[in-house]
Amino acid sequence: MVRDRVIELVRAALALGAAQGRWPTAEVAFSVEAPRDPKHGDFALNAAMVLAKPAGQPPRQVAAAIVEAIRAVDAAGEVTSLEIAGPGFINLRLAPDLWYRSLERAVAQGEAYGRTDTGHGKKVIVEYVSANPTGPMHVGHGRNAVTGDGVQRLLRWAGFDVTREYYVNDYGAQVQTLARSVHLRYQEAHGRTVAFPPKAYPGEYVREIADGLKAEFGARWLDAPEGEWLALFRDRAVQHVLGLIRGDLAAIDIQFDRWSSEKALYESGTVERFMADLERKDLVYVGKLPPPKSKKGAPAPPPQPEEEGVTVDDDLTLFRSSAFGDEVDRPVKKSDGTPTYFCADIAYHWEKRQRAELLIDVLGADHGGYVPRLEAALQALGYARTDLHVVLIQMVNLTRGGEAVKMGKRAGNVVWLREVVDEVGRDATRFIFFTRRSDAPLDFDVELLKRQTLDNPVFYVQYGHARLHAIFRKAAEGSVPLPAFSLADARTLTTPEELDLIRRIAAFPDVLAGAALAFEPHRVAFYLQETIGAFHSWYTQGKRTGERVLGSDPARTRARLFLCRALVQVLANGLAVLGVSAPERMESPETGDIGAEA
RNA sequence: GCGCCCGUAGCUCAGCUGGACAGAGCAGCGGCCUUCUAAGCCGCUGGUCGGGGGUUCGAGUCCCUCCGGGCGCGCCA
């Protein structure tokens, strides 16, 4: 907010200079950022370095002219000092009152503080989770879900018009495998002994579905040909599993606006219409897939397609994705004429793009190779490559006290998301996923997250929030009212720690907007940890110096309390962006109660 | 063999879309509780940003190339 004001001033100054013929254009990409070293002022401006070349003058000379122009434009005297430093930075300091007023703004805007119009209401669909409905969610799905939810919340805070969407793969081979697994359990439920092939889904939930079908239909499908029961079993299984997934999502506070079904894409004719569109645009052709590139001795992948009747050399329908940046053309119809998964998926993106201007896909890193063909598809359809942004989610290494928990897809040793949430709680589960960039692998240590010590970042942050409320409670005990904003009071906040906190509070909307534009919710978590660290530091220093929040000087007491009000708002809102609760009190794990230690 | 992601302190990681001397948390050492939560704070120790080139006024950040990890790689989803 304060920064926005600076940007306005700089824009005006650059326009003035351009009008005066000092440089050819005012349309340059300059940056205004808070320098790491507070000695360098409130903000550092790089415009002189950027303009040096177009202006044909050395940076420091341009800087001098920019300084002059800023002074000319700054009628109100909001900029109190301008210094040219280093290679041509302009360091500027602002009137302290501007900073103090940002506290007022934070409190006045309350739960809305941090919201911006960065997105200008742009319609965006965030697709995340989209786990195949073949079983409950595991921890990896959890990371995808939480990250996607963080991105989605961020975009809302930044003024985008967001639809949260889950793509249900309820059509292909995997759900058929699930249906067959259910049928095997169904046979077991009738007392038969069946061989359970390694491809089948072994989970306990499969048995539950089978039991349900037995209760409803008895032995009716026991010896019926597969064609008679497959669709029914599939649909029942998918419905059941989706129920499980909804429950898993609810446990980590995630909801969706829309569940898009792959099956429905076929049934509604969308895939057909899409294929027709592709043919009209000459984006598909019938041909053979080139053999995979593999050099001498390289382990050529064994011939995969074991689908009945499909041989490697048959003709099939290919999409001209290689004309749009993909390595090779990708099949959209198999040689038996049925559409591929890719076909339905680009049809889905095609359809989504018509509902929104920007598409976000949150995908597992193992789908990284899939991204180029999706981008190619969108481009082929006449959209910009940037209309789709893919957030890749790396692996989660589940550990317990530092020791890896083995998770095989086959054996029954999958650790479900729900088990982990039950053990460590919703807040810790969510927060830990924001402590790492999404494209870096993450260790999820169950023991650590349970421990409730400062190893566990979520407690550090929540503790800070609770501590602020403890101050408010203390104030209430002493009948000290929570103060309204007073500039005169605020001006008593002058220590480096206090000014640092004010700057952080003022930067909060910028942090959210920046994180939203980068689709990186982890930045919010890091911001919160740093800001709370700054608060703890200030707080503890006050204990040492005797200058505590509630002190003897009424004006300073009011000012500090107001600072705390702004701070608590930022923390609460930041936690809300991450979907983590902001408790007003926390009990000590050792004493079980506050202040019970002697 | 090809493609994508990653390589920053002993460990785990940030680094704000290229900025000014590279940061934090753990771990190690040493300090701080009569008074609003010590689940906290302060200090010290710790780095050729994997190596080498290049672009730029300026590179951890962009390009090329090696090295070392992860993931993926013919009509599976």
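Keep in mind that this is a model prediction, so the values were computed, not measured.

Definitions and cut-offs
- Residues numbered from 1 in each chain as written.
- Chains lettered and ligands numbered in written order.
- Predicted model: local features only at pLDDT ≥ 70, side-chain atom pairs only at ≥ 80, totals over all residues.
- Heavy atoms only, no water.
- Helix = DSSP H or I, 4+ residues; strand = E, 2+ residues; numbered from the N terminus.
- Buried < 20%, exposed > 50% of the residue type's maximum accessible area, 1.4 Å probe, protein only.
- Contact = heavy atoms within 4.5 Å.
- Areas by Shrake-Rupley, 256 points an atom, 1.4 Å probe, with all protein chains shown as cover.
- Lys, Arg positive; Asp, Glu negative; His and termini not counted.
- Charge placed at Lys NZ, Arg CZ, Asp CG, Glu CD.
- pLDDT = per-residue confidence, 0-100.
- Axes fitted to C-alpha atoms, helices over the stretch in contact; angles between N-to-C directions.
- Parallel < 35°, antiparallel > 145°, perpendicular 65-115°, else oblique.
- Left-handed = near helix turned anticlockwise from the far one by under 90°.
- Nonpolar A, V, L, I, M, F, W, Y, C, P; charged D, E, K, R; others polar.
- Polar contact = N/O pair within 3.5 Å; in protein donor to acceptor, adjacent residues only side chain to side chain.
- Pairing = 2+ DSSP bridges.
- Core = buried A, V, L, I, M, F, W, Y, C linked by side-chain atoms within 4.5 Å.
- Arc of directions from axis to C-beta.

**A few points about the overall build of chain A**
Looking only at helices and strands, chain A has 20 helices and 15 strands in total. Counting only C-alpha atoms and orienting by the principal axes, one finds that chain A spans roughly 85 × 70 × 45 Å. Sorting the 598 residues of chain A into buried and exposed places 48% on the buried side. Pairs at least 24 residues apart make up 75% of the contacts formed inside chain A by residues separated by at least 6 positions. Counting every atom, chain A has about 28,100 Å² of accessible surface; 51% of that belongs to carbon and sulfur. Of the charged side chains in chain A, 73 are positive and 79 negative, and the gap between their average positions amounts to 3 Å.

**Section: the confidence of the model for chain A**
In this model, chain A carries an average pLDDT of 88, and 92% of its residues clear a pLDDT of 70 or more. Within the model, pLDDT remains below 50 along residues 294-310, and this stretch shows five contacts once partners closer than five positions in the same chain are excluded. Every residue in residues 591-598 is under pLDDT 50, and counting partners more than four places away or in other chains gives six contacts. Overall fold confidence (pTM) sits at 0.93, and the ipTM for the predicted complex is 0.94.

**Structural notes on the packing of helix α2 (residues 47-55) against helix α3 (residues 59-73)**
Relative placement of two packed helices is described by the angle separating their axes and the distance separating the axes. Direction vectors running N to C along α2 and α3 enclose 110 degrees, while the axes themselves pass 8 Å from each other. Judged by the inter-axis angle, α2 sits roughly perpendicular to α3. Along this stretch, α2 crosses α3, giving a crossing that reads as right-handed. Each of A47, A48, M49, L51, A52 and A55 in α2 lies in contact with α3, whose residues at this interface are P59, V62, A63 and I66. Here the contact of α2 with α3 is composed, by residue class, of 10 nonpolar, no polar and no charged.

**Side note on the side chain of H536**
Here H536 lies in helix α19 (residues 522-545). A distance of 2.9 Å separates the side chain of H536 from the side chain of R467, its partner in a polar contact. Setting aside chain neighbours within four positions, we find H536 in contact with Y460, Y463, G464 and R467.

**Details of unusual backbone geometry**
Of note in the backbone geometry, H120 takes a positive phi value of approximately 50 degrees without being a glycine. Tracing the chain through its elements places H120 in the loop between α4 (96-109) and β5 (123-127). Despite not being glycine, S130 has its phi angle at roughly 45 degrees, a positive value. With a relative accessible area of 14%, S130 lands in the buried category.

**Things to note about the sheet that holds strand β8 (residues 284-287)**
Across the sheet, which stays open at both edges, the three strands sit in the order β8-β9-β10 with antiparallel pairing between neighbours. Every interior strand has two partners, whereas the edge strands, β8 and β10 (330-333), have only one. Along the sheet, successive strands turn relative to each other by an average axial angle of 45 degrees, direction set aside. As defined by bridge partners, β8 adjoins strand β9 (residues 316-319) across four bridges and the pair is classed as antiparallel.

**Here we look at the nonpolar core**
Counting residues in hydrophobic clusters, the biggest one holds 146 residues, and the most contacted among them are L45, I66, L155, I360 and F444. If one sorts the elements of this core by residue count, helix α20 (residues 554-578) sits on top with 13 residues. If you look at the next biggest cluster of nonpolar residues, it comprises 31 residues, including Y167, L278, V332 and Y348.

**What to know about α2**
The set of residues buried in α2 consists of A47, A48, L51, A52 and A55. An end-on view of α2 places all buried positions within 140 degrees of arc, on one side of the element. Among the structural elements, α1 (2-19), β2 (43-45) and α3 are those in contact with the buried residues of α2. Immediately beyond the C-terminal end of α2, within one or two residues, lies G56, with a positive phi of roughly 70 degrees.

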